[in-house]
Amino acid sequence: MNVIDSDEKLLAFCEILQQQPFITVDSEFIREHSYYSKLCLLQVGYEGGAAIIDPMTNIDLSPFFAILQNPNIVKVFHAGRQDIEIFYNLTGQTPKNVFDTQIAAQVCGFAENIGYGNLVRAITKQDIDKSCRLTDWSLRPLDEEQLQYALGDVTHLIDCYKYLHQYMIDNNRLDWIKEEIADLCDEKSYDIKPDEAWKRLRHNTYSPHYLAALKYLAAWREKRAQKYNVPRSSIAKDEVLLNIASAHPKSVEELSKVRNLKAEIAKGRLGEEIINVLHEAAQNPMPAEQCRQDRKDSKVCVPNHEQSLMEMLRMLLRLKSVECGVSAHLIADDEDLRYIITNLPDKTPAMQGWRYEVFGQYAAMMCKGKLAITYNPKKKQIEFI
């Protein structure tokens, strides 16, 4: 077991990594009681070896971070968004040249959002031991069983990457996941701006005063969570923020009557802060143009008389997904289908690139009444005519 717990060991390991065409990466962390994830363990594999890096020994991780920025080395993750978020928060950058096996699996005929264990089983015919999955990785020392379990998250990933990468080469699909990988590595996705936090909250009210209150409340909560490194929900849950914005109380007494808001919060320091935030919001209502834009960005609706067409497109999507061995979700979702029906092709990736070739062109034909789906009993297969 190669456990790296000193600067000297990490430098030597990184010299090996510099020579590799690809490395596999995973991390163990805890986040239940904080805003930012606490990195507890780093697992890194390559063809021929693997190691565990222990960041809780206060070693200098910059040599490894430099590896993550090397564009000549492929960094392989499985469902890597949380791992990449950790690296972004520590360095201000996302890794370069990333390959995500969960995303890749969707264009190789595997189930949508397939878990690591199921992917390993499907490709290597091996089962992963799950006995240590509930480990508190911040505790020390970790025993041999725990370390072996952690290392398995990158050693099996080597075979998964090689299989998926080769499949995509053989079937000319390497470009099919570029958009998803680009989104995964987009630094804007991890740069949380408090003034934009309100956009993540689901609502159906578009008045200038309501949206202003929601914006200011969400920004207040975000700044407080970041400052004290606590979960957003420990300050106020989303539902409570929506209720406060809707009630728009003007005093602590009125605030205490807001549904689901704990009395001790309303009457304490947080209650005063909330009232001050709402006073500021009242003086800065959301511009009418921005309210209209926010409404415009909400779901496009399909007319009632075209709901049957929506169902037919869903069926077409499932059939084409099976036919080409690609997860339906990667090709299009219901929102994409709505854009197709309402003749807004520029709004959806489903009408561009490889998605257009495997699905979009057929969807357009169906909308124009130029495509029919039938079953051939002699050939025992679905046909498009």
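Please refer to the structure placed before this passage.
None of these values were measured; they are calculated from a predicted model. (Residues numbered from 1 in each chain as written. Predicted model: local features only at pLDDT ≥ 70, side-chain atom pairs only at ≥ 80, totals over all residues. Heavy atoms only, no water.)

(A) Region of the structure containing the overall build of the chain. Along its length, the chain carries 18 helices and eight strands. Pairs at least 24 residues apart make up 63% of the contacts formed inside the chain by residues separated by at least 6 positions. Working note: accessible area of the chain is about 20,500 Å², and carbon and sulfur atoms make up 48% of it. Treating the 47 positive side-chain charges of the chain as one cloud and the 54 negative ones as another, the clouds have centres 7 Å apart. (Helix = DSSP H or I, 4+ residues; strand = E, 2+ residues; numbered from the N terminus. Contact = heavy atoms within 4.5 Å. Areas by Shrake-Rupley, 256 points an atom, 1.4 Å probe, with all protein chains shown as cover. Lys, Arg positive; Asp, Glu negative; His and termini not counted. Charge placed at Lys NZ, Arg CZ, Asp CG, Glu CD.)

(B) Looking closely at helix α10 (residues 238-247). Listed in full, the buried residues belonging to α10 are Val240, Leu241, Leu242, Ile244 and Ala245. Those residues of α10 that are buried lie in contact with α8 (208-228), α11 (252-255) and α13 (269-282). Where α10 ends, the next residue or the one after it, His248, has phi of about 45 degrees, a positive value. (Buried < 20%, exposed > 50% of the residue type's maximum accessible area, 1.4 Å probe, protein only.)

(C) The arrangement of the sheet that holds strand β3 (residues 38-46) in detail. Strand order in the open sheet made by the six strands is β1-β4-β3-β2-β5-β6, with mixed pairing throughout. The sheet is open, and its two borders are formed by β1 (3-4) and β6 (98-100), each paired with just one other strand. In this fold helix α1 (residues 7-17) packs onto β1, β2 (22-30), β3 and β4 (49-53), with an angle of close to 40 degrees to the strand it touches most, β3. Set on the sheet, helix α2 (residues 62-69) makes contact with β2, β3, β4 and β5 (74-77); between it and β2 the angle comes to about 125 degrees. (Pairing = 2+ DSSP bridges. Axes fitted to C-alpha atoms, helices over the stretch in contact; angles between N-to-C directions.)

(D) How the structure looks around the pairing of β2. With seven of nine residues buried, β2 is to be regarded as a mostly interior element. Examined bridge by bridge, β2 and β5 share three bridges and lie parallel to one another. By the bridge assignment, Ile23 is partnered in β5 with Lys75. In terms of strand pairing, β2 meets β3 through seven bridges, oriented antiparallel. Bridging across to β3, Thr24 finds its partner in Gly45.

(E) Expanded view of the nonpolar core. The biggest cluster of nonpolar side chains holds 77 residues, and the ones touching the most others in it are Ile23, Ile53, Phe64, Phe99, Leu313, Ile331 and Phe359. When residues no more than four places from it in sequence are discounted, the contact partners of Ile53 are Ile4, Leu10, Phe13, Leu41, Leu42, Val44, Ile59, Leu61 and Phe64. In terms of nonpolar packing, the next biggest core, distinct from the first, is built from 30 residues, Tyr210, Ala213, Leu255 and Met286 among them. (Core = buried A, V, L, I, M, F, W, Y, C linked by side-chain atoms within 4.5 Å.)

(F) Molecular detail of unusual backbone geometry. With omega at 5 degrees, the peptide bond leading from Arg140 into Pro141 counts as cis. Topologically, Pro141 is positioned in the loop between α5 (116-124) and α6 (144-170). With phi around 45 degrees, His248 is a residue other than glycine that occupies positive phi space. Mapping His248 onto the fold places it in the loop between α10 and α11. With relative accessibility at 16%, the residue His248 sits in the buried group.

(G) A look at the packing of aromatic side chains. Per the stated rule, a full pass over the model turns up 12 aromatic pairs. Centroid distance Phe13 to Tyr46: 6.2 Å. Interplanar angle 50 degrees. Geometry classified as tilted. Here Phe13 is found in helix α1, whereas its partner Tyr46 is found in strand β3, with 33 residues between them in sequence. With respect to burial, Phe13 and Tyr46 carry one shared label: buried. Aromatic rings pair up to connect Phe64, Phe65, Phe77 and Phe87 into one cluster. Sitting over the face of the ring of Tyr362, Lys320 holds its NZ or CZ atom 3.6 Å from the ring centroid. The residue whose ring lies beneath Lys320 is Phe384, and the NZ or CZ to ring-centre distance is 4.2 Å. (Phe/Tyr/Trp six-rings, centres within 6.5 Å; stacked < 30°, edge-to-face > 60°. Lys NZ or Arg CZ within 6 Å of the ring centre and 35° of its normal.)

(H) Focus on the state of the cysteines. Per the counting criterion, the structure on display carries zero disulfides. Of all cysteine sulfurs in the structure, the one in Cys160 sits closest to Cys108, which takes part in no disulfide; the separation is 11 Å. (Disulfide = S-S within 2.5 Å.)

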